[in-house]
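One letter stands for each residue in the lines below.
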Amino acid sequence: GWDINLSSFIEDAYPAGGGALSLYTGERFTVDGVESISEKKLDSFHFHKDGDGLYRVEHKDTPLTEVLQPVNIGTRKLMLPKKIYADSRRCLEFVYRDNPQLPGTPCLSEVFDSGVGGGRPARLLLIEYSGDMVITLYPDQPEARASYTLKFNGRRLERVVLPTDELAYWEFSYQQVHGQTCVS
């Protein structure tokens with residue numbers, strides 16, 4: 001499978017205690033206590049509990065702050081980004097929904113740009129999961145809208161239909177190599 005590399009936090013991820021923090025950078029940590037991450041060797045981020053189930057990740061190398069909040073889908077206490085703030089005062093907001101193919105698994109469904117100054121948020125991305133997956137950029141702006149349709153056979157991606165008048169597409173085939181399924 002594949003995913004968009006968003007940060008996440010799972011409370012009580014391990015039987016012996018501790019949470020699992022995964023950052024968008026690919027780094028993964030066991031959280032001993034909210035402010036205590038013994039595996040962290042570099043001071044590249046700070047992790048805070050803000051109350052009401054909210055957590056905050058402040059990244060030092062990039063001017064980003066992520067606000068993680070519980071996603072009420074499935075049984076795990078999973079926190080995903082609800083908002084990501086940049087130094088420019090811009091903010092992205094994320095909406096998740098239950099995955100129809102894997103119930104109990106949250107999937108990103110919408111991304112909004114709050115702009116600067118508290119204006120009306122602009123929807124940047126819409127992902128629909130009905131049969132084929134349809135990813136639409138700028139869904140509310142007809143002159144800029146672009147939709148990509150992902151067609152699957154089971155869990156294998158077979159075709160990506162591009163946003164062209166001819167409905168051009170990329171097609172994928174697979175083969176087994178040393179017991180692994182590979183794109184051929």
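Residues numbered from 1 in each chain as written. Predicted model: local features only at pLDDT ≥ 70, side-chain atom pairs only at ≥ 80, totals over all residues. Heavy atoms only, no water.

### Things to note about the pairing of strand S8 (residues 91-98)
Item 1. As paired strands, strand S7 (residues 78-86) and S8 are joined by three bridges and run antiparallel to one another. Within the sheet, the bridge partner assigned to Tyr85 lies in S8 and is Cys91.
Item 2. If you look at the hairpin formed by S7 and S8, you'll find four residues sitting between the two strands, and Arg89 has a positive phi there, around 75°.
Item 3. Looking at chain direction, S8 and strand S9 (residues 106-113) are connected through seven bridges and run antiparallel. Of the residues in S9, the one forming a bridge with Leu92 is Asp113. (Pairing = 2+ DSSP bridges. Helix = DSSP H or I, 4+ residues; strand = E, 2+ residues; numbered from the N terminus.)

### Regarding the nonpolar core
Looking at soluble globular proteins, one finds that nonpolar side chains tend to be buried together.
Item 1. Within the largest apolar cluster, 20 residues are counted, with the highest numbers of intra-cluster contacts made by Leu108 and Ile127.
Item 2. Secondary-structure elements contributing two or more residues to this core are S7, S8, S9, strand S10 (122-128), strand S11 (133-137) and strand S13 (156-161).
Item 3. Grouped together as the second largest cluster of nonpolar side chains are 12 residues, Leu21, Phe29, Val31 and Phe47 included. (Core = buried A, V, L, I, M, F, W, Y, C linked by side-chain atoms within 4.5 Å. Buried < 20%, exposed > 50% of the residue type's maximum accessible area, 1.4 Å probe, protein only.)

### Points about the pattern of salt bridges
For side chains of opposite charge, pairing can occur when their charged atoms come near one another.
Item 1. Counted according to the given criterion, the structure contains eight salt bridges.
Item 2. Across the pair Arg56 and Asp50 runs a salt bridge whose closest N-O atoms are separated by 2.9 Å.
Item 3. Across the salt bridge formed by Asp132 and Lys151, the nearest N and O atoms sit 2.9 Å from each other. Highlighted residues: Asp132 in the loop between S10 and S11 and Lys151 in strand S12 (residues 146-153), separated in sequence by 19 residues.
Item 4. Look at Asp132 and you get partly exposed, because its relative accessible area is 29%.
Item 5. Residue class for Lys151 comes out partly exposed when judged on its relative accessible area of 31%.
Item 6. Several salt bridges share partner residues, and in doing so they unite Asp50, Arg56 and Glu58 into one network. (Salt bridge = Lys/Arg side-chain N within 4 Å of Asp/Glu carboxyl O.)

### Considerations on the packing of aromatic side chains
Item 1. For the structure on display, the rule yields four aromatic pairs.
Item 2. Between Phe9 and Tyr55, the ring centres sit 4.9 Å apart and the planes meet at 55°, which makes this aromatic pair tilted. Of the two residues, Phe9 is situated in strand S1 (residues 8-10) and Tyr55 in strand S5 (residues 54-59); the sequence distance between them amounts to 46 residues. Like Tyr55, Phe9 is buried.
Item 3. Grouped by ring-pair contacts, the aromatic residues Phe9, Phe47 and Tyr55 constitute a single cluster.
Item 4. If you follow Arg159 out to its NZ or CZ, it ends over the ring of Tyr169, 3.7 Å from the centre. (Phe/Tyr/Trp six-rings, centres within 6.5 Å; stacked < 30°, edge-to-face > 60°. Lys NZ or Arg CZ within 6 Å of the ring centre and 35° of its normal.)

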